[in-house]
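# Notes for the structure review
Okay, here's what each chain looks like letter by letter:
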Amino acid sequence: MRKYLFSLLFFAAALCFSLSPSFASAATNDSAGEKLISPESVGNGVAVLTIFASSDASGSSFSTDGHAWITVSNTSSSNSTVGKFAGVAPGKLVSLGTWGNKSEHTGLWYNLEALFVSQGAYNNRVSLSIDLNASQLSSINSVIANSDAWSLTNNCASFATKVWNTVAAVKLSGSTPTSLRDDIKKKSGYVTNLSFSSSYAVYYANGTGTPIRSKVY
């Protein structure tokens, strides 16, 4: 039992520290089940929330491989704010994820995943998307604005899941990118390799203040 607990702690300690993306060519979209809303399309709300998980691991949900994040696309006719990132133009998208292995900042980042995907990373990602009304966007903005942190128990997967579960009727669970990926794939209508483009430069969160432009990315 002691050996098992030590192994489990070892895997947990590495969570989201093995997240250097593999820059392979991006795959085309492949939807399963019912048609979902694309972040590039206009639904019935003011925004589209998408949750992503990517992992090459198979089998154990304790695997620390991969990454998880969300994107929020502005589908309204005016500029909007996502978290603390203001001035998101109609039709534009922001990605958000927490990181524990970036020397410039530990915690929440804006548009870092969008940059990596534009370079060909995470080409095994799965996702789910939902429309958001104004009230729901306000609800996730409150969660995002208070999520500039990273720890073993508040990692990239738990951040993405927390934001999603704040507004989604279909709840998700996952304490690692691998377990979140597996849970997303259990839902009808998940999408493989949903494409999205980088709309803005990379920023990192500044607590509950205005995000700071990255000097590294």
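Everything below is about the structure printed above this text.
Keep in mind it's a predicted model, so treat the numbers as computed, not measured.

Moving on to the pattern of salt bridges. As enumerated under the stated definition, the model contains two salt bridges in all. A salt bridge links aspartate 182 to arginine 181; its shortest N-O distance comes to 2.8 Å. Look at aspartate 182 and you get partly exposed, because its relative accessible area is 24%. Using a relative accessible area of 9% as the deciding quantity, one classes arginine 181 as buried. Here lysine 187 and aspartate 183 are joined by a salt bridge, their closest N and O atoms 3.7 Å apart.

Within a regular strand, the side chains alternate between the two sheet faces. Of all the eight residues making up strand β2 (residues 47-54), eight are buried; the element is thus mostly covered by neighbouring parts of the structure. Burial along β2 is two-sided: the face carrying Ala47, Leu49, Ile51 and Ala53 and the face carrying Val48, Thr50, Phe52 and Ser54 are both buried. In this structure, β2 lies alongside strand β3 (residues 67-74), joined through eight bridges in antiparallel fashion. Each bridged residue has a counterpart across the sheet, and for alanine 47 the counterpart in β3 is asparagine 74. Sheet topology note: the β2/strand β8 (residues 126-132) ladder contains seven bridges and is antiparallel. Note on β8: the bridge partner recorded for alanine 47 is leucine 132.

This part covers helix α3 (residues 134-145). The periodicity of an α-helix, 3.6 residues per turn, causes residues three or four positions apart to be oriented the same way. Helix length check: α3 (twelve residues) gives 16 Å between terminal C-alpha atoms against 16 Å at 1.5 Å per residue, within 8%. For α3, the set of buried residues is Leu137, Ile140, Asn141, Val143, Ile144 and Ala145. By the N-cap criterion, in which a side-chain oxygen at the helix start approaches the backbone nitrogen of a residue two or three places on, α3 is capped by asparagine 133, the distance to serine 135 being 3.1 Å.

Going through the model one piece at a time under the given rule, you end up with ten aromatic pairs. Between phenylalanine 52 and phenylalanine 196, the ring centres sit 5.1 Å apart and the planes meet at 45°, which makes this aromatic pair tilted. Taken together, the residues span a long stretch of sequence, with phenylalanine 52 in strand β2 and phenylalanine 196 in the loop between β9 (191-192) and β10 (203-206) at a distance of 144 residues. A relative accessible area of 0% means that phenylalanine 52 is categorised as buried. Residue classification places phenylalanine 196 among the buried residues on the basis of a relative accessible area of 7%. Centroid distance tryptophan 69 to tyrosine 122: 5.0 Å. Interplanar angle 40°. Geometry classified as tilted. Here tryptophan 69 is found in strand β3, whereas its partner tyrosine 122 is found in the loop between α2 (112-118) and β8, with 53 residues between them in sequence. Residue class for tryptophan 69 comes out buried when judged on its relative accessible area of 0%. Overall, tyrosine 122 belongs to the buried group, its relative accessible area being 7%. These aromatic residues form a ring-pair network of at least three members: Trp99, Trp109, Phe116, Tyr204 and Tyr217.

The rules behind each value
- Residues numbered from 1 in each chain as written.
- Predicted model: local features only at pLDDT ≥ 70, side-chain atom pairs only at ≥ 80, totals over all residues.
- Heavy atoms only, no water.
- Salt bridge = Lys/Arg side-chain N within 4 Å of Asp/Glu carboxyl O.
- Buried < 20%, exposed > 50% of the residue type's maximum accessible area, 1.4 Å probe, protein only.
- Helix = DSSP H or I, 4+ residues; strand = E, 2+ residues; numbered from the N terminus.
- Pairing = 2+ DSSP bridges.
- Expected span 1.5 Å × (residues − 1).
- Polar contact = N/O pair within 3.5 Å; in protein donor to acceptor, adjacent residues only side chain to side chain.
- Phe/Tyr/Trp six-rings, centres within 6.5 Å; stacked < 30°, edge-to-face > 60°.

Nothing here speaks to function; it is all geometry.
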